[in-house]
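Descriptive analysis of the structure
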Amino acid sequence: MLSTEIDHEQGTQKWIQEGKRIASDRQRRIDRTKNWRFDTIATHGLYDLQQALNLNNGSIMEPIYMSPAQAFHNFDEMEVALAYQMPSWTYSRIANPSTFFLEETVALLESYGSGHKASCVACGSGMAAIRTAIEPFLVKDDSLPQPNFVSTSRVYGGTFQQFSIRQMEDKGIEVRWITDNMDLDEWAKNINNETRFLYGEMPSNPAVALFDIEKISELAHSFGIPLIVDATCASPALLRPLEFGADVVVQSASKVMAANGWAIVGTMTAKMDLPSIVGPEEMKADFGTWVKLLPYRDNGPALSPFNAILTLNDMRSLRSRVAQMSRSAQNIAEFLETHPKVTSINYPGLKSHTQSEIANKYLTLVDSENDTGQAENLFGYMMTFEIEEKDPFTPVNTRQFYDKLNLIWRATDLGRVKTVATIPAISTHQQQGETGRKLAAIQPNYVRLSIGIEHVDDIISDINQALDSI
Ligand SMILES: *Cc1c(COP(=O)(O)O)cnc(C)c1O
């Protein structure tokens, strides 16, 4: 061997060893953090004193690395890093140290209390996270020529478009919509040997529909396929689907996880060793990491490091904020339920809710049993209701109510610290047309409320004056 080759070999080995040191430091930080309570994990994540002192001039907050790329000491380090033989970030489309802080924290929160290990990738939006989660299961496989997947039909409008237009119309991948989430037979009948995964939104936006994650994940696994759950409207503070058998969870972290409203963000978090009838073994072994290293790198749905830190900063108070929003939402739902001008109200915390049993099973404030000795059911910040109309298909009173709102914003937004009211039929579910809205159970006179952290009396008083004006 030439001496330059020997030098190169030694140089490469040095960086592989350095990589092992970085990986074991990361593991040390995970081991330290994962036994903490939810709030402590959300507040500190994997960022510790040692990292602050060694890397960041002692900064007690995680730094925002607004850099496109990582510099390398030399040829050997670059070669080892780009071959993924050492942990590194290389280029901000592939990875970024600030984004890592967010991903590592989300992975720990989504797997909190489940005993599972999880890995997370952060994306530039919730829609990008959904696409990142589903596409690896929809790859071409000549032995399974007609890929399909099965999904709850009560999904967010953007998800409906992504599935029915981008996947089905553009690419011929069939989406099979479930009309009754609770009907196990309907789910089972729609699955065949070309079904790649099951998908559900829980609770759904805006219909607040629920499904039995445990039963549907068992069904998915009996066919050797994964269950993917969008838990945006609950957030990990109320529901962690991985604990109940789901394999992948997606969040539009744009909503309550980044509730102060400065960023559009998505996260996808997956368990280890998930079932799939397609894809390589490495994909199934650690889906989140595999996605990040390969399709995420190639497709480019990366999140800005700035938005990663904004989200991380908001998440520190996720649990207490979701608790406050949910308690206010419960009061507001009870107020609306007794109001003479309100003909229906859909909120899982009401006894009248048709799915209150399933709501009680799945929606609890994380760690509340440590506060009070008993787990506290809380049902989130979102509800829909109807105002009396002669003809619900040409809403008059609803329009009057909506335009009279004074404190509450008219916007298509959700999970924010500020209370927002939306008319789904003309906003989130406008593009779908009549059939799509029917599938999603959206009527023209539905009002969706997303309750913020203002004092509940002020929110109720604004709703009350707007109802009085009818
Ligand atoms: C908003 C939303 C999305 C899409 O997220 P973006 O961050 O807006 O791309 C997906 N699912 C649900 C349930 C949502 O509410």
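First things first, this report covers the structure right here in the doc. (Residues numbered from 1 in each chain as written. Predicted model: local features only at pLDDT ≥ 70, side-chain atom pairs only at ≥ 80, totals over all residues. Heavy atoms only, no water.)

1. What to know about the pattern of salt bridges
To keep it simple, the criterion reads: When a carboxyl oxygen of Asp or Glu lies within 4 Å of a side-chain nitrogen of Lys or Arg, that pair is called a salt bridge. Numbered from the N terminus, helices here are DSSP runs of H or I no shorter than four residues, and strands are runs of E no shorter than two. Only protein chains enter the accessibility calculation, which uses a 1.4 Å probe; a residue is then buried when its area is under 20% of its type maximum, exposed when over 50%, and partly exposed in between.
Counted by the stated rule, this structure contains 23 salt bridges. One salt bridge in this structure joins D48 and R28, with 3.0 Å as the shortest N-O distance. In this pair, D48 sits in the loop between α2 (38-44) and α3 (49-55) while R28 sits in helix α1 (residues 3-33), placing the two residues 20 residues apart along the sequence. By relative accessible area, which is 31% here, R28 ends up partly exposed. Taking the shortest distance from any N to any O, the salt bridge between E135 and R131 comes out at 3.0 Å. For E135, a relative accessible area of 18% corresponds to the buried category. Among the residues examined, R131 registers a relative accessible area of 44% and is labelled partly exposed. In this structure, a network of salt bridges that share partners links the residues D25, R28, R29 and D48.

2. Examining the sheet that holds strand β10 (residues 409-410)
What counts here: Between any two strands, at least two bridges found by DSSP are needed for them to pair. We call two residues in contact when some of their heavy atoms are within 4.5 Å. Every axis corresponds to a line fitted to the C-alpha atoms, with the helix fit spanning only the stretch in contact, and the corresponding angles, defined between N-to-C directions, vary from 0 to 180 degrees.
The strand order across the open sheet built from five strands is β8-β9-β12-β11-β10, with neighbouring strands paired in mixed fashion. Looking along the sheet, the strands with just one partner apiece sit at the ends: β8 (342-346) and β10. Note: β8 against strand β9 (residues 382-387), four bridges, orientation antiparallel. By the bridge assignment, N346 is partnered in β9 with T384. On top of the sheet, helix α14 (residues 318-338) reaches β8, β9 and β12 (446-450); it is set at about 15° to β9, its chief contact. Sitting on the sheet, helix α17 (residues 397-404) touches β9, β10, β11 (420-422) and β12, and the angle it makes with β9 is about 130°.

3. Notes on the site of the ligand
What counts, and what does not: One heavy atom within 4 Å of a molecule or strand is enough for the residue carrying it to be called near that molecule or strand. Under the rule applied, a polar contact is a pair of N or O atoms within 3.5 Å (in protein, one hydrogen donor and one hydrogen acceptor; residues adjacent in sequence only if both atoms are side-chain atoms). Note on areas: these come from Shrake-Rupley sampling with a 1.4 Å probe, and a residue is covered only by the protein chains present in the view. Throughout this entry, Asp, Glu, Lys and Arg are counted as charged residues, while Ala, Val, Leu, Ile, Met, Phe, Trp, Tyr, Cys and Pro are counted as nonpolar. The remaining residues, Gly among them, count as polar.
Taken together, 15 residues lie near the ligand, and G126, D230, S252, S254 and K255 sit nearest. A distance of 3.0 Å is found between an oxygen atom of the ligand and a backbone nitrogen or oxygen belonging to M127. Taking S252, its side chain carries an N or O atom lying 2.8 Å from an oxygen atom of the ligand. With the chains in place, 93% of the 380 Å² that the ligand exposes on its own is no longer accessible. Residue contributions to the shell around the ligand peak at three residues, all from helix α6 (residues 126-134). Split into classes, the residues belonging to the shell around the ligand amount to six nonpolar, six polar and three charged.

4. Things to note about the pairing of strand β6 (residues 248-252)
In terms of residue burial, β6 counts as a mostly covered element, since five of its five residues are buried. On β6, burial covers both faces: V248, V250 and S252 on one face and V249 and Q251 on the other are all buried. Judged from the five bridges that link them, β6 and strand β7 (residues 266-271) form a sheet pairing that is antiparallel. Paired with S252 across the strands is G266, a residue of β7.

In short, geometric facts, not functional conclusions.
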